[in-house]
Amino acid sequence: MQPDSTQNAGSSDSGKETDVPAFSLQGLTAEEVLPLSERAYRRLRDAITQGALPPRTAVSERALAQQLGISAQPVREAMHRLESEGMIVTAPRKGSFIADFTAQRLEEMGLICISLECAAAAMLARRGCDDQQIAQLREQLRVMEYCTRNADLLRLAEENRRFHAILHQVTGNVLLIRTIEATRAYAQFNRDRNLRSWPGEPQRALREHAAILWAIRARQPELAEERMRDHVERGMVQGGLIPLTPAAARRLRHVPDPVRRAMTWTPARTDRAPEGRG
C-alpha cells in the first residue's frame, strides 16, 4: 500500500520542517500578561482613587464583572483585596460599598505610608544591598527615565509603584512588606494625580528616586530616610492627602506653588550624589 502523498506535505525529503512564514505580531503589554484578578484589582483600585467609583457607591461581583466583561471569580478576588486594604466595606445583609474616605482618614493613612516608606529606605541603607539588588533598582530607574522622556504617564505611574515595590521586597522584612501592602492603595490617591497635575512632576519624581537610591548605595540610613520622607510627604501634600504643616513647610524644599515649588538640585547621573545634598 502506497503512503498518502499528502501525509508529508509541508516537509522536505530530509524530514526537516519547512520555514514558518514571518508574521508581524505586536508583543503583549505588561498589563496583558498579568493574571485576570490582578488586572481587575488595578482597574477597580484606579476607579476608586480617581473618583469613578465614589464613596458609598454600592458594588457587587455580578455588576462589576458585567462592566469589566469578565467572570465573577477574578472580580471576587479583587474585591477581597480591596476590602483587606480598606477600600471596600462589606456589611451583613447590606452588601458591599466603596469606603468613605474622609479627610482625617486619608491624612492618617498618609502619615502611616510615609513612616513605612522611610523605614524601608533606612533599613536598606543600614543593612546594605548586594550588586544584583542595586542593579535591579537602577534598571527600574532607567525604565522610569524612558517613560518620563516619552511622557508615558500611565506607564510611569505603574513603574513608580514598581520601584517602591522592589525596594520593599529587597528589605526581605515580611512584616514590613505585608504592612505596606495593606496601605498601598491609599498612596494611589496622590501618585496619579501628581503626575498629571503639576508641571515638571515626572522629572522631579525621577530625580528624587535617584537621590534615594544614591543614599541607599552610600549606606547612609539617615540621608535615605530624609530623602524618602521628602519625596513621599511632598507628593502627599501636593495630592491633598495631608496638610502642609509649618514644620513640613520649613523642611520641604520641593513643593511647587501654590503649595510651593521646584527642585533645588539635579543629579548628573542616577548613581551620583545630587548637588548640594551630598
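Heads up: these notes are all about the structure in this document. Keep in mind the model is a prediction, meaning the values are calculated, not measured. (Residues numbered from 1 in each chain as written. Predicted model: local features only at pLDDT ≥ 70, side-chain atom pairs only at ≥ 80, totals over all residues. Heavy atoms only, no water.)

Moving on, we get to the environment of L68. Of note, L68 is situated in helix α2 (residues 61-68). Overall, L68 belongs to the partly exposed group, its relative accessible area being 26%. C-alpha of L68 to C-alpha of R43: the two residues are 25 residues apart in sequence and 8.7 Å apart in space. Among all residues touching L68, those that are not within four sequence positions of it are A40, R43, L44 and V75. (Helix = DSSP H or I, 4+ residues; strand = E, 2+ residues; numbered from the N terminus. Buried < 20%, exposed > 50% of the residue type's maximum accessible area, 1.4 Å probe, protein only. Contact = heavy atoms within 4.5 Å.)

The gaps of empty space that remain are located by a probe, the size of a water molecule, rolled over the atoms. Empty space within the second largest pocket amounts to approximately 330 Å³. Contributing to the lining of the second largest pocket are 20 residues, with R161, A165, H168, E181 and R184 lying nearest its centre. At the level of elements, α1 (36-49), α4 (103-127), α6 (153-171) and α7 (174-197) are the ones that each hand at least two residues to the lining of the second largest pocket. Of the residues assigned to the lining of the second largest pocket, the class counts are six nonpolar, four polar and ten charged. (1 Å grid on protein atoms, 1.4 Å probe; cavity = no way out; pocket = protein on both sides within 12 Å on 5 of 7 lines; lining within 4 Å. Points joined across faces, edges and corners; volume = space filled by probe spheres on them. Nonpolar A, V, L, I, M, F, W, Y, C, P; charged D, E, K, R; others polar.)

We now examine the packing of helix α8 (residues 201-217) against helix α9 (residues 221-238). For the pair α8 and α9, interaxial distance at closest approach is 8 Å and the crossing angle is 160°. Taken together, the axis directions place α8 and α9 in an arrangement best described as roughly antiparallel. Crossing of α8 over α9 shows left-handed handedness. Residues E201, R204, A205, E208, H209, A211, I212, W214, A215 and I216 of α8 form the contact with α9, whose own contacting residues are L223, A224, R227, M228, H231, R234 and Q238. Its residues assigned to classes, the contact of α8 with α9 shows nine nonpolar, three polar and five charged. (Axes fitted to C-alpha atoms, helices over the stretch in contact; angles between N-to-C directions. Parallel < 35°, antiparallel > 145°, perpendicular 65-115°, else oblique. Left-handed = near helix turned anticlockwise from the far one by under 90°.)

What follows deals with the packing of α2 against helix α3 (residues 72-84). The contact between α2 and α3 brings their axes to 9 Å, and the two run at 115°. Crossing hand, α2 versus α3: right-handed. Here α2 contributes E61, L64, A65 and L68 to the contact with α3, which in turn contributes A72, V75, R76 and M79. For the contact of α2 with α3, the residue count by class is six nonpolar, no polar and two charged.

As judged from the four bridges shared by strand β2 (residues 88-91) and strand β3 (residues 95-98), these two strands associate in the antiparallel manner. Within β3, the residue paired with A91 across the bridge is G95. If you look at the hairpin formed by β2 and β3, you'll find three residues sitting between the two strands, and R93 has a positive phi there, around 65°. (Pairing = 2+ DSSP bridges.)

This paragraph deals with the packing of aromatic side chains. In total, this model carries zero aromatic pairs according to the counting rule given. Geometry around Y41 places R81 over its ring, the cationic atom sitting 3.6 Å from the centre. (Phe/Tyr/Trp six-rings, centres within 6.5 Å; stacked < 30°, edge-to-face > 60°. Lys NZ or Arg CZ within 6 Å of the ring centre and 35° of its normal.)

This next bit is on helix α5 (residues 131-149). For α5, which comprises 19 residues, the first-to-last C-alpha distance of 27 Å matches the rise-based estimate of 27 Å (1.5 Å per residue) to within 8%. Where the residues of α5 are buried, they touch α4, α6 and α8. Taking the backbone nitrogen of Q132 as reference, a side-chain oxygen 3.2 Å away marks D130 as the first, capping residue of α5. Positive phi shows up at A151, right after α5, with a value of about 55°. (Expected span 1.5 Å × (residues − 1). Polar contact = N/O pair within 3.5 Å; in protein donor to acceptor, adjacent residues only side chain to side chain.)

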